[in-house]
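Read off the chains here:
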Amino acid sequence: MLSLLNCRERQARLVHVMRDHRLDVVVLSNPKTIHYFSGALTDPAQPQAFGIRASGETLLVTNARPEQAAADEVLLYTGYTLERPFSRATMHQELVAMVARRYRRSGPVALEFDYAGHALGAALDPVGDITPHLQRMRRRKDADEIAAIRECIRITEAAYGAVKARLEPGMTEYQAYNIISEAMVNAAGRSVEVRGDFAAGTRGINGGGPPTDRRLESGDLYILDLFPLHQGYVCDLCRTFVVGTPSEEQQAAWKHVMAGHDVACRVMRPGATGRDVYRAVRDHMESYPKFRGSFSHHAGHGVGMDGWEFPWLTPGSDQPLVEGEVIACEPGLYGEELRGGIRLEHNYLVGKDGVTALDSFPMDL
């Protein structure tokens, strides 16, 4: 759970942004940003709203009273009821009416344009989109966010330990997925939204995807790129395991991919751009002649409440790294002769002078 104290500190930072841009009210509709500022885990399948005034006064409008909320007032609209027919549309209408009654006669209002519906926009007549400011704020992680990411890493590493110990020829991708899912739930002590890439062998060369009934064969490489959602936050880790004993070719490629992390760590520091990191990692990957050209994806990205956050480590990214953000870095090599691919991914916390890996599960095949 996020710290309510940290939530209030984030609210104070948002108030400074509002005052700088002469906004009287900001209304949030994205359940992720509502969680970020309030600490409330609301139902993402239902309409939600969180309002904050330039005075610092806050309001949460939701369908069920949350376990915790850094909000001065919590209003509940009618969700499930036996009294009348209901739907998402009726819930949204009621939520909009509650928000409008509170803020209609306020000064300038900003919304999250990607999430605010037409009715909310029509009711509040916003002057701008607050999303770009929120994206910048969310890059630097607070202590409670780092703790949430570390907990997600702990759950994921438990899954790696469970599946690596049981991989064997004849096992299906579905069976491997079931081992991973069970281990995550047991480690968390509650439900976990299990996300990831589960394509084994040569199926993993050109991407990932959900598990199938494909059976593992001796010598296959199995890329398991896992990015589960737990208590509002994710990690994004990748390990590659061999079914059986690795070949000399696989071991040599593994060493090269591992060295890609050393290359990335020499570049990743505040002020370096995503392009800088990508070029360093790509140049290193391309120096392995046999599988030159197989590293065709990004070198990494930010991680937090979403699996893909800023900054991007891509050739087109001029986003500078900032102290306090968490970045997933994922060099890889792929090829038929490898019996799949090798992708290895750490989650790094950017410090003043460099980066530190938050995960510790072994990278070996």
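Scoring rules and cut-offs
- Residues numbered from 1 in each chain as written.
- Predicted model: local features only at pLDDT ≥ 70, side-chain atom pairs only at ≥ 80, totals over all residues.
- Heavy atoms only, no water.
- Helix = DSSP H or I, 4+ residues; strand = E, 2+ residues; numbered from the N terminus.
- Rg over C-alpha atoms; globule rule 2.2 N^0.38 Å.
- Buried < 20%, exposed > 50% of the residue type's maximum accessible area, 1.4 Å probe, protein only.
- Contact = heavy atoms within 4.5 Å.
- Areas by Shrake-Rupley, 256 points an atom, 1.4 Å probe, with all protein chains shown as cover.
- Lys, Arg positive; Asp, Glu negative; His and termini not counted.
- Charge placed at Lys NZ, Arg CZ, Asp CG, Glu CD.
- Polar contact = N/O pair within 3.5 Å; in protein donor to acceptor, adjacent residues only side chain to side chain.
- Pairing = 2+ DSSP bridges.
- Axes fitted to C-alpha atoms, helices over the stretch in contact; angles between N-to-C directions.
- Salt bridge = Lys/Arg side-chain N within 4 Å of Asp/Glu carboxyl O.
- Expected span 1.5 Å × (residues − 1).
- Core = buried A, V, L, I, M, F, W, Y, C linked by side-chain atoms within 4.5 Å.
- Phe/Tyr/Trp six-rings, centres within 6.5 Å; stacked < 30°, edge-to-face > 60°.

J.: Is there a simple way to explain the overall build of the protein chain in this structure?
T.: Broken down by element type, the protein chain carries 9 helices and 18 strands. For 365 residues, the compact-globule estimate of 2.2 N^0.38 gives 21 Å, and the protein chain sits close to it at 23 Å. Overall, the protein chain is about 70 × 50 × 30 Å in size when its C-alpha atoms are taken along their principal axes. Out of the 365 residues belonging to the protein chain, those deemed buried represent 56%. The long-range fraction of contacts in the protein chain, counting pairs at least 24 apart against all pairs at least 6 apart in sequence, stands at 65%. Of the roughly 15,700 Å² of accessible surface on the protein chain, 50% is carried by carbon and sulfur atoms. Each charge class in the protein chain was averaged separately, 40 positive and 47 negative side chains, and the resulting centres sit 4 Å apart.

J.: What am I meant to see in the side chain of Ser106 here?
T.: Along the chain, the position of Ser106 falls in the loop between α3 (88-103) and β5 (109-111). A polar contact of 3.0 Å, which involves the side chain of Ser106, links it to the side chain of Arg53. When sequence neighbours within four positions are dropped, the list of residues in contact with Ser106 reads Asp24, Val25 and Arg53.

J.: Can you help me understand the sheet that holds strand β11 (residues 237-242) in this one?
T.: Sheet strands associate in pairs through backbone hydrogen bonding, adopting either a parallel or an antiparallel arrangement. Pairing within the open sheet is antiparallel, and its 3 strands lie in the order β7-β8-β11. This sheet does not close on itself; its edge strands, each paired only once, are β7 (196-197) and β11. Pairing geometry for strand β8 (residues 221-226) and β11, over 6 bridges, is antiparallel. By the bridge assignment, Leu224 is partnered in β11 with Arg239. In this fold helix α6 (residues 143-166) packs onto β8 and β11, with an angle of close to 10° to the strand it touches most, β11.

J.: Is there a simple way to explain the environment of Pro311 in this structure?
T.: As for its position among the elements, Pro311 is in strand β13 (residues 309-313). For Pro311, a relative accessible area of 0% puts it in the buried group. As a C-alpha pair, Pro311 and Phe291 span 20 residues in sequence and 27 Å in three-dimensional space. Ignoring any residue separated from it by four or fewer positions in sequence, one finds Pro311 in contact with Arg139, Gly300, His301, Gly302, Gln319, Leu321, Glu325 and Ile327.

J.: What should I look at first to understand the pattern of salt bridges in this one?
T.: If the charged atoms of two oppositely charged side chains come close together, the side chains can form a pair. Under the criterion given, the structure shown has 27 salt bridges. A salt bridge links Arg8 to Asp72; its shortest N-O distance comes to 3.4 Å. With Arg8 in helix α1 (residues 4-20) and Asp72 in the loop between β3 (58-62) and β4 (73-76), the pair connects residues that are 64 residues apart, well separated along the chain. Here Arg8 falls in the partly exposed class, since its relative accessible area comes to 34%. A salt bridge links Arg195 to Glu193; its shortest N-O distance comes to 3.0 Å. Classification of Glu193 as partly exposed rests on a relative accessible area of 41%. The structure contains a network of salt bridges with shared partners spanning Lys32, Arg138, Lys141, Asp306 and Glu309.

J.: Sorry, what's going on with helix α9 (residues 274-286) here?
T.: Since there are 3.6 residues in each turn of an α-helix, residues three or four apart along the chain are aligned in direction. Between its terminal C-alpha atoms α9 stretches 18 Å, which fits the 18 Å expected from 13 residues at 1.5 Å a residue. Restricting attention to buried positions, one finds in α9 the residues Gly274, Val277, Tyr278, Ala280, Val281, His284, Met285 and Glu286. Buried-residue contacts for α9 involve α8 (248-267), β13 and β15 (332-335).

J.: In this structure, what is going on with unusual backbone geometry? I would like to understand it.
T.: Negative phi is the rule for most residues except glycine; trans is the rule for most peptide bonds. In this chain, Phe310 is followed by Pro311 through a cis amide linkage whose omega measures 5°. Its identity is not glycine, yet Arg22 carries a phi of approximately 55°, on the positive side. Inspection of the secondary structure assignment puts Arg22 in the loop between α1 and β1 (25-28). Phi is positive for Arg339, close to 65°, though the residue is something other than glycine. Position of Arg339 relative to the elements: it lies in the loop between β15 and β16 (340-343).

J.: Even after reading the chapter, I still don't get the nonpolar core, so can you show me in this structure?
T.: Soluble globular proteins tend to pack their nonpolar side chains together in the buried interior. Ranked by size, the top nonpolar core spans 63 residues in total, and within it Leu14, Val26, Ile130 and Ile180 carry the most contacts. Residue contributions to this core peak at 9 residues, all from α6. Not counting chain neighbours up to four residues away, the residues in contact with Ile130 comprise Leu14, Val17, Leu23, Val26, Leu28, Ala110, Leu111 and Glu112.

J.: Please clarify how α1 should be interpreted in this entry.
T.: Given a rise of 1.5 Å per residue, 17 residues ought to cover 24 Å, and the 25 Å separating the end C-alpha atoms of α1 matches this to within 8%. Of the residues making up α1, those classed as buried are Asn6, Cys7, Arg10, Gln11, Leu14, Val15, Val17 and Met18. In this structure, the buried residues of α1 make contact with β1, α2 (31-38), β2 (49-53), β3, α5 (131-139) and α6. Two or three places before Leu5, at the opening of α1, Ser3 has a side-chain oxygen 3.2 Å from that residue's backbone nitrogen.

J.: Can you help me understand the packing of aromatic side chains in this one?
T.: Two measures describe an aromatic ring pair: the distance that separates the ring centres and the angle between the ring planes. Evaluated as defined, the whole model comprises 9 aromatic pairs. Look at Tyr36 and Phe37: their rings are 4.8 Å apart centre to centre, the planes differ by 80°, and that puts the pair in the edge-to-face class. Ring geometry for Tyr160 versus Phe241: centroids 5.9 Å apart, planes at 80°, classification edge-to-face. One end of the pair, Tyr160, is in helix α6; the other, Phe241, is in strand β11, with 81 residues separating them in the sequence. On the basis of relative accessibility, which here comes to 0%, the residue Tyr160 falls in the buried class. Among the aromatic residues, those joined into a ring-pair cluster are Tyr160, Phe241 and Phe361.

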